[in-house]
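# Descriptive structure summary
Single-letter residue listing:
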Amino acid sequence: MSYKLRKVLAVLIIIVLIAGWYVTIFGAGSVSSIKDLMKFGLDINGGVYIVLEADTDLTGTELAATMDQTRAVLNNRVNAMGISEATVSLEGDKRIRIEMPGVEDADEAIEQVGRVAQLKFLLADGTLVMTGEDIKNAGIDTDTQHGGYKIDLEFTAEGQEKFTEASTKAYNGEITSTNEGVDNKAIMIMLDTEIISAPVVQSVINTSTCEITRPGGFAQSEASNLAALIRGGALPVTLEEVTSSVQTATIGADALDKSIIAGGIGLVLVFLIMLLAYNLVGLMADIALALYVLIVMWIMAGMGSVLTLPGIAAIILSIGMAVDANVIIFARIKEEFAKGKTVRVAVEEGFRHAVVTVIDAQVTTLIAAIVLYQVGSTTVKGFALTLMIGIIVSIFTAVVITQIFIGLLAQSKKYSKYKYFGCNEDGTAKSILKKEFNFIANRKKFYIASIIVIVIGLGAGLIRGFNYGIDFTGGTMIQLDMHETVDTDEVAAQIADFDLDPSIVLAGSERDQVIIKTIKAMDNAERTEVINKLAEKYDISTDDVLASEQFGPTVGNELKSNAVKSVLIAAVCMLIYIIFRFKTWKFGVSAVAGLAHDVLVVLALYGLFGITINNPFIAGILTVVGYSINDTIVVFDRIRENRVLYKRDGLGETIDRSINQTLSRSLMTSITTLVCMVPMTIMVSTSIRQFVIPLIIGVLVGTYSSIFLCSPMFYELSKDEKKSKYKLNQEKAGKASK
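Throughout what follows, the structure given in this document is the object of discussion. It should be emphasised that the depicted structure is a prediction, and the values quoted were computed from it without experimental measurement.

### Here we look at the overall build of the protein chain
In terms of regular secondary structure, the protein chain is built from 22 helices and 17 strands. Within the span of the protein chain, comprising 738 residues, buried residues form 52% of the whole. Long-range pairs, those at least 24 residues apart, make up 77% of the contacts in the protein chain between residues at least 6 apart in sequence. Just so you have it, the protein chain exposes about 33,400 Å², and 57% of that area is on carbon and sulfur atoms.

What follows is the structure, given as structure tokens:
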């Protein structure tokens, strides 16, 4: 690419960056700011979500059809309640998740959606004809007479008799409509209190089937939805509340504001670190990072993705991952400087070597994010989706945008000097790590240290018991604004009759909030009883409920099994990818051994310090797996390269050289990632902190394992390779001499 073209592209990128950030923050003309365009989750906007489980023995296609019908009924009911941006989605085989943002009367909303739907057929004067139980089936077919589609109904024997009598009355003009807009000869189809259709009787129907048509026909989607609603009434399914949550908008909005501030602080700190470490090319990286954040936010807004507080944590984490791609590139360029190459040649060679490593490292992390999205709960899915978007965009900004700016510097007469690339005037690297470390010789010490931590931590967790959150054990959490500081023992005494054995703590900056936790799963009605009981002593009502959650006992077991399944699937996928890329199973097995170590160490630390294990912990573990493998791949890529360049060196010497060459990069990436997350840990809410803490632990553990364990493990598996090859060659030579 020519210097002039790079210059034009660089100017355009900066213009887009400045204009983009202005529009993002303030909006422009008909384009709203990103805050107005972005959809926010319940943890920010407030509202209610409820997960209902169908009590049915159906399986296979019958179960799928029944759940789809139930979803259609509930979706219609939620829409009838006038709740904007509400969603009704299937979750697993037998569950339906309903999210209702901005709902103020949580009790009424949960009660409304939890009732079994009532489908009724009535004459125009309101006389009941029959119910959904009299419908055997409902489907759609093309309407050859009117065009479009029609709905086919099939009655039960009793339903046929009822419908024949009703259609006779309607057709003969015996009915006078009492409903505005409904024809005298119509038969209304009602779901609860809403008329979903009012077809006019064209003739007496005395058969077991009939058709619902209209001039011009129904659209396919409209006909399918109407048929599903009618079938839903004919297939009643008892729904039980499995999980529910109520969140006020005030808590979420406060957490959002703090998250944005914390994220901004983290981003500024990363910018400063890159400037100090890499001089002018650090500024170029900062431009790419600023563009990276901009692109991620607008992609999410364009996709209609729902941004949750964990999603914000994922953006912050992915910034660290984006920094990693730039650090890998800069480190390779510096190495080319050390070989005495000119700036232009060093930049070209550095990029050529670094791109392969960047893609390998990011793809392995992407695998973890994909598994997390497939297996995780709705909240975790949002986290994973944000992380996936971030990884893909980071590859683009590092490989394309950074290359444009760095290439521009390299082609410039004024700035194509070593000092502008974070090096000394003679091209030698500035590094605080002057010493070469012998990792292989001391590997057994690292093995012992890891074993000690794992044994002590897991032992403490097993003996004392891990601190599982209510989403793992099943149970209920209620957070109340008491308007004053209260005695927790008095609160416990007030609700003693409910036999909850609760954990009660004070919260809020003024210590005027109470959080009640119990392992007893309480539905909405039971939670309301507890609140009313407290209202007898304190000046509170249901309006003072800041948040409440309920998890059924089966949910925790599913979370545990999903966590194990996630790690295993991610490990297998990564193993396959690494074997494919590195052409040997030994790198793959070594990397997976490191993953197992990281998961065990994180569990051990949670057990040792009694940190709560809950739903965000699963996202943390999977991200730990992704981050750890990212770091390991970078080291392995260098080992693979050095084994070709230094064929005469021993394997241990080659591995030590490779780790030392990538050590500065590993530490820089870890520091920048931690810098992004530490402000989030200090400033934001407990819900975000639950996501960030395992990430911080994971970054530290992942960095440790990639340096001190995975490469030594590869050494253990490969140290006899040369001996085996030598022995084989000797045998061949002996056979040849005979």
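### Some remarks on the nonpolar core
Ranked by internal contacts, the top residues of the largest apolar core, which has 136 residues, are I406, F421 and M677. For this core, the element with the most residues is helix α8 (residues 249-303), which contributes 22 residues. L122, A138, A170 and V201 belong to the second-largest nonpolar core, a separate cluster that totals 34 residues.

### Some details on the side chain of D649
With respect to the helices and strands, the residue D649 is situated in the loop between α18 (615-645) and α19 (651-683). Among the residues examined, D649 registers a relative accessible area of 17% and is labelled buried. Reaching out from D649, the side chain makes a polar contact with the side chain of R657 at a distance of 2.9 Å.

### With respect to the environment of I329
Here I329 shows up in helix α9 (residues 309-338). As a C-alpha pair, I329 and V355 span 26 residues in sequence and 7.5 Å in three-dimensional space. Not counting chain neighbours up to four residues away, the residues in contact with I329 comprise F351, A354, V358 and A398.

### As for the packing of aromatic side chains
In total, this model carries 15 aromatic pairs according to the counting rule given. Centroid distance F587 to F636: 4.9 Å. Interplanar angle 55°. Geometry classified as tilted. In this pair, F587 is assigned in helix α17 (residues 585-609) and F636 in helix α18, connecting sequence segments 49 residues apart. Its relative accessible area of 3% is what places F587 among the buried residues. Residue classification places F636 among the buried positions, given a relative accessible area of 0%. Aromatic side chains Y704 and F708 sit 5.1 Å apart centroid to centroid with 35° between the ring planes, which places their arrangement in the tilted category. Taken together, the residues span about one helical turn, with Y704 and F708 both in helix α20 (residues 686-708) at a distance of 4 residues. The class for F708 is partly exposed, based on a relative accessible area of 22%. Among the aromatic residues, those joined into a cluster by ring pairs are F437, F439, F446, Y704 and F708.

### Some words on the sheet that holds strand β10 (residues 194-197)
With antiparallel pairing, the 4 strands of this open sheet are ordered in space as β6-β5-β9-β10. The outermost strands of the open sheet, each flanked by one partner alone, are β6 (128-131) and β10. Sheet twist, expressed as the mean angle between neighbouring strand axes with direction ignored, is 35°. Alignment of strand β5 (residues 119-123) against β6, held across 3 bridges, turns out to be antiparallel. In the strand pairing of β6, K120 is matched with T131.

### Examining the packing of α19 against helix α21 (residues 710-718)
Viewed as axis vectors pointing N to C, α19 and α21 meet at an angle of 165°, and their least axial separation amounts to 10 Å. Between α19 and α21, the crossing angle belongs to the class labelled roughly antiparallel. The handedness of the crossing between α19 and α21 comes out as right-handed. Between α19 and α21, the contacting residues are L651, G652, I655 and I659 on the first element and S711, F714, Y715 and S718 on the second. For the contact of α19 with α21, the per-class residue count stands at 5 nonpolar, 3 polar and no charged.

### Points about a nonpolar patch on the surface
Side chains of I261, I265, V268, L269, L272, L275 and L283 sit close together on the surface and give an oily, nonpolar patch of about 540 Å² of accessible area. Looking at the secondary structure, you find I265 in helix α8.

### Topic: the pairing of strand β3 (residues 87-91)
Looking down a regular strand, the side chains alternate between one sheet face and the other. Taken together, the 5 bridges between β3 and strand β4 (residues 95-101) define a ladder with antiparallel strand orientation. Note that in β4 the partner of V88 across the bridge is I98.

### Topic: the sheet that holds strand β15 (residues 503-507)
Spatially, 8 strands are ordered β3-β4-β2-β12-β17-β14-β16-β15 in an open sheet, and the strand pairing comes out antiparallel. Looking at which strands have only one partner, the edges of the open sheet turn out to be β3 and β15. Direction aside, neighbouring strands of the sheet carry axes that sit 15° apart on average. The sheet strands contacting helix α15 (residues 524-535) are β12 (239-247), β14 (475-481), β16 (513-518) and β17 (545-551), and the helix crosses β14 at an angle near 40°.

### Digging into unusual backbone geometry
Note: most residues except glycine have negative phi, and most peptide bonds are trans. Despite not being glycine, H483 has its phi angle at roughly 70°, a positive value. Relative to the assigned elements, H483 resides in the loop between β14 and α14 (488-494). One non-glycine residue with positive phi stands out, namely R511, at about 55°. You can call R511 partly exposed: its relative accessible area is 44%.

### Some details on the environment of M130
Within the secondary structure layout, M130 lies in strand β6. Between the C-alpha atoms of M130 and E158, which are 28 residues apart in sequence, the distance is 9.3 Å. With near-sequence residues (within four places) excluded, M130 lies in contact with K120, F121, I135, F155, G159, K162 and F163.

### Some words on the environment of Q690
If you trace the backbone, Q690 turns up in helix α20. A relative accessible area of 27% places Q690 in the partly exposed class. The sequence separation of Q690 and T612 amounts to 78 residues, and the corresponding C-alpha distance is 8.1 Å.

### Considerations on the pattern of salt bridges
Side-chain pairing between opposite charges can occur once the charged atoms of the two side chains come close. Throughout the structure, instances matching the rule amount to 19 salt bridges. Measuring nitrogen to oxygen at the nearest pair gives 2.8 Å for the salt bridge that ties R332 to E641. You can see R332 sitting in helix α9 and its partner E641 sitting in helix α18, a full 309 residues away along the chain. We note that R332, like E641, is buried. Residues participating in the shared-partner salt-bridge network are R332, E335, R638 and E641.

Parameters and conventions
Residues numbered from 1 in each chain as written. Predicted model: local features only at pLDDT ≥ 70, side-chain atom pairs only at ≥ 80, totals over all residues. Heavy atoms only, no water. Helix = DSSP H or I, 4+ residues; strand = E, 2+ residues; numbered from the N terminus. Buried < 20%, exposed > 50% of the residue type's maximum accessible area, 1.4 Å probe, protein only. Contact = heavy atoms within 4.5 Å. Areas by Shrake-Rupley, 256 points an atom, 1.4 Å probe, with all protein chains shown as cover. Core = buried A, V, L, I, M, F, W, Y, C linked by side-chain atoms within 4.5 Å. Polar contact = N/O pair within 3.5 Å; in protein donor to acceptor, adjacent residues only side chain to side chain. Phe/Tyr/Trp six-rings, centres within 6.5 Å; stacked < 30°, edge-to-face > 60°. Pairing = 2+ DSSP bridges. Axes fitted to C-alpha atoms, helices over the stretch in contact; angles between N-to-C directions. Parallel < 35°, antiparallel > 145°, perpendicular 65-115°, else oblique. Left-handed = near helix turned anticlockwise from the far one by under 90°. Nonpolar A, V, L, I, M, F, W, Y, C, P; charged D, E, K, R; others polar. Patch = residues over 30% accessible without salt bridge, like charges linked within 9 Å, V, L, I, M, F, W, Y side chains within 5 Å. Salt bridge = Lys/Arg side-chain N within 4 Å of Asp/Glu carboxyl O.

Purely geometric stuff here, so don't read any function into it on its own.
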